[in-house]
Amino acid sequence: MPKTLAAIEEVMKKYNPAFPFEYEFVDDAFNAMFKNEKLVGSLSQIFALLAIIISCLGLFGLSAYTAEQRRKEIGVRKVLGSSVTGIVQLLSKDFMRLVLVSIVLAIPFAWWGMHRWLESFAYRIEINWWVFALAGLAAICIALLTVSFQAVKAASANPVKSLRAE
């Protein structure tokens, strides 16, 4: 123990021996108060990453299924002169509608949950709109990357193979 703290403690014991001097560093007390919040934050990041991966796998499977179901339609469109970009837009449009609807439905619930959680802190901050806009943009980009892979694969396939069975 440093000399100055030991001297103060001796003075305190001399004046009130029933209550010994107890001390702690402010940063230790602060870290102890927010230890649970740090754990919740770490777990939230892990589970959010898992949810994104599972969602991407589901979206990838759904886009592969849709591309396979529309294989002949894509073949006919290619024979009639449709471009790869046009076919990718055609296949991606339906998925983007679903993603936009999910964003519109999720934002109020996310705002409400974050607002309730932030109310428990002594110092409060406001939730900015750009946080939700950034999250929505990230969701759209992830969905586009996931769906576009299958859409480009389907649009680049040889139309003769898909139409040969007819």
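Everything numeric in this text was worked out from a predicted model, so none of it was measured.

## Remarks on the overall build of the protein chain
Consideration 1: Broken down by element type, the protein chain carries 7 helices and 0 strands.
Consideration 2: The order of helices and strands in the protein chain, counted from the N terminus, is α-α-α-α-α-α-α.
Consideration 3: Across the 166 residues of the protein chain, 19% fall into the buried class.
Consideration 4: Long-range contacts, defined as pairs at least 24 residues apart, comprise 73% of the intrachain contacts of the protein chain with a sequence gap of at least 6.
Consideration 5: Roughly 12800 Å² of accessible area belongs to the protein chain as shown, and the carbon and sulfur atoms make up 69% of that amount.

## So, empty space enclosed by the protein
Consideration 1: Enumeration over the complete set of coordinates arrives at 1 cavity of 30 Å³ or more.
Consideration 2: Here the largest cavity is characterised by a volume of approximately 30 Å³.
Consideration 3: Among the elements that take part in the lining of the largest cavity, helix 3 (residues 35-69) stands out by supplying 3 residues, more than any other.
Consideration 4: Classifying every residue of the lining of the largest cavity by side-chain character gives 5 nonpolar, 2 polar and no charged.

## What about the nonpolar core?
Consideration 1: Within the largest apolar cluster, 8 residues are counted, these being Ala67, Ile74, Ile87, Val88, Leu91, Ala151, Ala154 and Ala155.
Consideration 2: Taken together, the elements giving at least two residues each to this core come down to helix 5 (84-118) and helix 6 (129-156).
Consideration 3: What alanine 155 contacts, discounting residues up to four positions off in sequence, is Ile74, Lys78, Val84, Ile87 and Val88.
Consideration 4: Ranked by size, the runner-up nonpolar core spans 7 residues in total, among them Leu59, Val99, Ile103 and Val147.

## Things to note about the pattern of salt bridges
Consideration 1: Applying the stated criterion to the full structure yields 5 salt bridges.
Consideration 2: Here arginine 70 and glutamate 73 are joined by a salt bridge, their closest N and O atoms 3.0 Å apart.
Consideration 3: A relative accessible area of 18% means that arginine 70 is categorised as buried.
Consideration 4: Glutamate 73 is the salt-bridge partner of arginine 77, the closest N and O atoms lying 3.1 Å from each other. Taken together, the positions of arginine 77 and glutamate 73, both in helix 4 (residues 71-79) and 4 residues apart, correspond to about one turn of that helix.
Consideration 5: Each of the salt bridges in this network shares a partner with another, and the network as a whole consists of Arg70, Glu73, Arg77, Asp94 and Arg97.

## Focus: the environment of serine 55
Consideration 1: Mapped onto the fold, serine 55 is located in helix 3.
Consideration 2: Remark: the alpha-carbon pair of serine 55 and isoleucine 142, spanning 87 residues in sequence, is separated by 9.7 Å.

What counts and how
- Residues numbered from 1 in each chain as written.
- Predicted model: local features only at pLDDT ≥ 70, side-chain atom pairs only at ≥ 80, totals over all residues.
- Heavy atoms only, no water.
- Helix = DSSP H or I, 4+ residues; strand = E, 2+ residues; numbered from the N terminus.
- Buried < 20%, exposed > 50% of the residue type's maximum accessible area, 1.4 Å probe, protein only.
- Contact = heavy atoms within 4.5 Å.
- Areas by Shrake-Rupley, 256 points an atom, 1.4 Å probe, with all protein chains shown as cover.
- 1 Å grid on protein atoms, 1.4 Å probe; cavity = no way out; pocket = protein on both sides within 12 Å on 5 of 7 lines; lining within 4 Å.
- Points joined across faces, edges and corners; volume = space filled by probe spheres on them.
- Nonpolar A, V, L, I, M, F, W, Y, C, P; charged D, E, K, R; others polar.
- Core = buried A, V, L, I, M, F, W, Y, C linked by side-chain atoms within 4.5 Å.
- Salt bridge = Lys/Arg side-chain N within 4 Å of Asp/Glu carboxyl O.

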